[in-house]
Amino acid sequence: MSDIEKGDKDGLDVDVDQRVATGVDKEAEARPELVFEGKYGGRAAGVMKALFSMGVEARGIERVPEDQRVPKGAFDNTWMWFSVNAVLTTVPIGVLGQEFFTLTLPHAIATILCFAALGCACTAFISTLGPQTGLRTMVISRYSGGFAGGIIFSILNILTQLGFSVTCVILGGQTLASVNGVLPLAAGVVIVSVCSLIICFFGYEYLHHWERYAWIVLTCIFCMIYGLGSEGGYDISAQKASEDVGRNLAGDVLSFGGIVFGSCSGWAPVAADYNVKLPANTSTHRVFWLTFIGLFIPICFVEILGATLMTITDPAYTAAFEEGSTGGLLAQVLSPWGGFGKFLLVLLGLSVISNNVPNTYSAALSIQTLWKPFERIPRLAEEHFMFRQPGGRLGGYDLEGYNSPTSLPPGYACIFAICCGIAGAVVGMAETYYTGPIALLVAKPYGGDLGFEFSAVFSGIVYPIARYFEIKHFGR
C-alpha cells in the first residue's frame, strides 16, 4: 500500500495539543478526502472513494494550504462572475427603473452605472481576501466578529442565498413553462434545481468549469435581444412625461440605485469562496480588477437591456409586459424568430442555473460554519485595513486559529456594529412597507432610499472604535 493510500499519516499527523489549541485539523486541511473515507466504513467508504476519484470536492470550510494552490486560473474569477450575472434574473432589475421609479432611459442608465460601480467594488474587495487567507468568506468573518459574530453572518448569508435560489428556480421554471404551455411550472422548477445541485455536488473545480463558458452563449442571446427589440421601436423619451422632478427625482434615483447596488454587493458574502485556490502571493490588485470587471460589465449590460426594453411603445409589446411581466416582454421580443425564438427563451430559462449555483454552493459552506459537526458534510474591510495589516495592532491573520474561539475576537464590537448598522438602515430606508424619517427628508410621500448608505456610515463609525477597545481589553 502506497503512502497516499495509507493517508500519508507520518506527514499529516499533528500534535493533539496543537489541534485542540488552534481548532485546526491539519490532516483535514491537507487531505480532506482521506478524512472522509476514514469516517465511513465498509461500502460507504468505497462509495466515498469512488466519488472523490471522479472529482467530487471533499473540502469544505477547511483552509486551502499554500502547497495546494495553483498559480493559474485568476481569469476564472472574471468568467465566473460574468456567467453568474449575464442571466435572465438580471434583466428585471433594469426594468424597475421605469416600471416603479418612472426614470427616463438616460437617468436609468446613469444610475445603473454609478451604483453598480460602488457595489462591484465592495464585492471585488472581499474577493481579494480569498487568496490571502485560503479561507471561505464566512470563515474570514470570524476574524472580525469571532465565532458568535460569524454565526450571525452565516445565518444571514444562508437566508439570503436561499432567497436568491428560490427566486432563480421559480423564474427559470416559469420561463420554461411559458415556452409552449405544456411543461408544468413544478417540472420547470425541478429541472433548474436538479441541474444546479449536480454542479454544486461536484464542487469547486466543476463549478468553475461550468461558469468559464456559460456566459458566451447568453451574451450572444442578449445581443440578439438588443437588436430584435428595435422592431418594437425604442423611444428614449418614452418616460419623460411621467418622470418626477426635483427632490422626488432624487428620491427615485436613490431608491433605484439602492436596488442596483444590492444586485452587485449582494455577492460580497460569498466572493472569497471562489478563489481560495489561488496562491497567497497573487496580486490583490489583479484579483480586485478581474472580479470587478467580471461583475460590472455583465450587470450593467443586462440591466441596461431591461431598461431599454421598457422604452418600447408598440402596443403588442406593452400588452405582453402587462400580461407576463419581464418574461412576457422577452417572449414578445423573440417572437419574430418563431421556433428559434422559443429555443432562445429555453436557454434564457436555463441560464438561471449559472446564477443559482454559487447561491447553493455558498449556502452549504455557510451551514458548515454554524456548528463543527456540520463540517463533516462534504460541502470586513475595516478589520483588514485598520487592525490586520502587518505591523498593525494584531499583525495580520493567525491562519492557524480560524477554527478556535479562543484565538478569535470575542465578537462584541462586531455585534454592536451590526446593531448600529441595522439602526442606520431603519432610519434611512424607503420601502413599500416602511419609510424611515431620514428617507422622508429626501422626498415625500415615498422617500428616497438611503438605507445602505446610513447602515454603512453607522457601522463604519462605530466598529473601529468598539474594536479598538475590544482589542485593548481582550488582546485579540
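If you're wondering where the values come from, they're calculated on a predicted model, not measured in any experiment. (Residues numbered from 1 in each chain as written. Predicted model: local features only at pLDDT ≥ 70, side-chain atom pairs only at ≥ 80, totals over all residues. Heavy atoms only, no water.)

**Student:** Can you walk me through helix α13 (residues 204-229) in this structure?
**Tutor:** In this model α13 runs 37 Å from its N-terminal to its C-terminal C-alpha over 26 residues, within 8% of the 38 Å that 1.5 Å per residue would give. Of all the bends in α13, the greatest, near 25°, is centred on A214. Regarding α13, the residues found buried are Y204, L207, H208, E211, A214, L218, T219, I221, F222, I225, L228 and G229. On the buried face of α13, the contacting elements are α7 (74-85), α8 (91-99), α12 (185-202), α15 (284-309), α16 (315-334) and α17 (338-370). (Helix = DSSP H or I, 4+ residues; strand = E, 2+ residues; numbered from the N terminus. Expected span 1.5 Å × (residues − 1). Bend = angle between axes of the 7 residues up to and from the residue. Buried < 20%, exposed > 50% of the residue type's maximum accessible area, 1.4 Å probe, protein only. Contact = heavy atoms within 4.5 Å.)

**Student:** Explain the nonpolar core here, please?
**Tutor:** Ranked by internal contacts, the top residues of the largest apolar core, which has 88 residues, are W81, F222, I225, L309 and L348. With 11 residues, α15 is the single largest residue contributor to this core. Setting aside chain neighbours within four positions, we find L309 in contact with I225, G229, Y234, L329, L330 and V333. Among the nonpolar cores identified, the runner-up in size contains seven residues, and A413, C414, Y463 and I471 belong to it. (Core = buried A, V, L, I, M, F, W, Y, C linked by side-chain atoms within 4.5 Å.)

**Student:** Whenever I open this one, the pattern of salt bridges confuses me. Can you help?
**Tutor:** One side chain can pair with another of opposite charge once the charged atoms of both are near each other. Across all of its chains, the model carries four salt bridges by this definition. Between K277 and E205 there is a salt bridge, with the nearest N and O atoms lying 3.3 Å from each other. Linking K277 in the loop between α14 (246-265) and α15 with E205 in helix α13, this pair joins segments that are 72 residues apart in sequence. Its relative accessible area of 45% is what places E205 among the partly exposed residues. Here E470 ties to R467 by a salt bridge, and the two come within 2.9 Å at their closest N and O atoms. Of the two residues, E470 and R467 both sit in helix α21 (residues 451-474), three residues apart, roughly one turn of that helix. The pair formed by E470 and R467 is uniform in burial state, with each residue classed as buried. (Salt bridge = Lys/Arg side-chain N within 4 Å of Asp/Glu carboxyl O.)

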